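Observations on the three-dimensional arrangement
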Amino acid sequence: MPYFGCHLSTTGGYAATVKTALSLGADTFAFFTRNPRGSKAKEIDPADARRAMELLKAHSFGPLVAHGAYTMNLCTADPDARAFAAEVLCDDLRRMDALPGNFYNFHPGSHVGQGVEAGVDHIAAALKQALAQNCQVTVLLETMAGKGSEIGGRFEELKAIIDAVGDPSLGVCLDTCHVYDGGYDIVGDLDGVLKEFDRVIGLDRLKALHVNDSKNPFGSHKDRHECIGQGSLGETAFAALVNHPALQGKPMIQAHDPGNPQ
Ligand SMILES: [Zn+2]
Ligand SMILES: [Zn+2]
């Protein structure tokens, strides 16, 4: 079985959030490491984090999947803004040390006209700097829909980042809405897409999934989430995902929230 959960607010503390997850029947969850629009992050209370870790262990949770801020663009064109984004990444990973063994996932970024190659270089440089802190979480790049100049719409782009960073621990979080919007047909040929993922990146790097349906048709590059079963992917596609042998034991996060469409 995969682990199942959704996005939860941690404003009441981490131990309280684990209890909320338990009340929902979840055995993983996602949360934002700071306000998703990127304001200053709160320090994690070490006692609260320890209590949360005990609860996670006692209730056999899978890894949590923390989500970096959407506004953190590691490959933006402005060098000052880029340096700031890299600092945000370092700060997020430092604070996540309070919840060791879990996952931290983020959107690689948009190259805004500089080209994929320059974008990949910027992202890899920021990641190298952040990973040099010896963080206690596994860092995951998210597959994107390829909207605008987004990096990560093609598996090859994620692989280029992974190769440039050269860290064996760096993984990937596959978002079902994003890959379908990005032109990978997980509805008609899930096996084929996973085979392609394996060929390009390696399935051992696939650590977590965001399970969202899409408001738009296949290959639309739009990135608008829909509730599971109510979009263009449909219920059967999710049944196949949940039961796929290659996806067992991985956290699956349902991230659709009308107020929070990413
Ligand atoms: Zn999205
Ligand atoms: Zn995301």
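Refer to the structure presented above.
Rules and cut-offs
Residues numbered from 1 in each chain as written. Chains lettered and ligands numbered in written order. Predicted model: local features only at pLDDT ≥ 70, side-chain atom pairs only at ≥ 80, totals over all residues. Helix = DSSP H or I, 4+ residues; strand = E, 2+ residues; numbered from the N terminus. Buried ≥ 20, exposed ≤ 12 C-beta atoms within 10 Å, placed from the backbone. Expected span 1.5 Å × (residues − 1). Contact = placed C-beta atoms within 7 Å. Pairing = 2+ DSSP bridges.

1. Focus on unusual backbone geometry
In this structure, Ser 60 takes a positive phi of about 50 degrees despite not being glycine. Take Ser 60: it is sitting in the loop between helix 2 (46–58) and strand 3 (65–67). Judged by the 8 C-beta atoms lying within 10 Å of it, Ser 60 falls in the exposed class. In this structure, Asp 223 takes a positive phi of about 65 degrees despite not being glycine. Residue classification places Asp 223 among the buried residues on the basis of 24 C-beta atoms within 10 Å.

2. Here we look at helix 4 (residues 116–131)
For helix 4, which comprises 16 residues, the first-to-last C-alpha distance of 22 Å matches the rise-based estimate of 22 Å (1.5 Å per residue) to within 8%. Of the residues making up helix 4, those classed as buried are Gly 119, Val 120, His 122, Ile 123, Ala 124, Ala 126, Leu 127 and Ala 130. Along its buried surface, helix 4 packs onto helix 3 (79–96) and helix 5 (155–165).

3. Points about the environment of Asn 105
By the secondary structure assignment, Asn 105 is in strand 4 (residues 103–106). Judged by local crowding, Asn 105 falls into the buried class, with 25 C-beta atoms found within 10 Å. As a C-alpha pair, Asn 105 and Val 137 span 32 residues in sequence and 9.9 Å in three-dimensional space. Ignoring any residue separated from it by four or fewer positions in sequence, one finds Asn 105 in contact with Val 65, Ala 66, His 67, Gly 68, Leu 140, Glu 142, Cys 173 and Ala 208.

4. As for the pairing of strand 7 (residues 206–210)
For strand 7, the buried fraction is high: five of the five residues fall into the buried class. The pairing of strand 6 (residues 171–175) with strand 7 spans four bridges and is classified as parallel. When the sheet's bridge partners are listed, Val 172 is paired in strand 7 with Leu 206. In the sheet, strand 7 pairs with strand 10 (residues 251–254) via two bridges, with the strands oriented parallel. Bridge pairing in strand 10 links His 210 to Ile 253.

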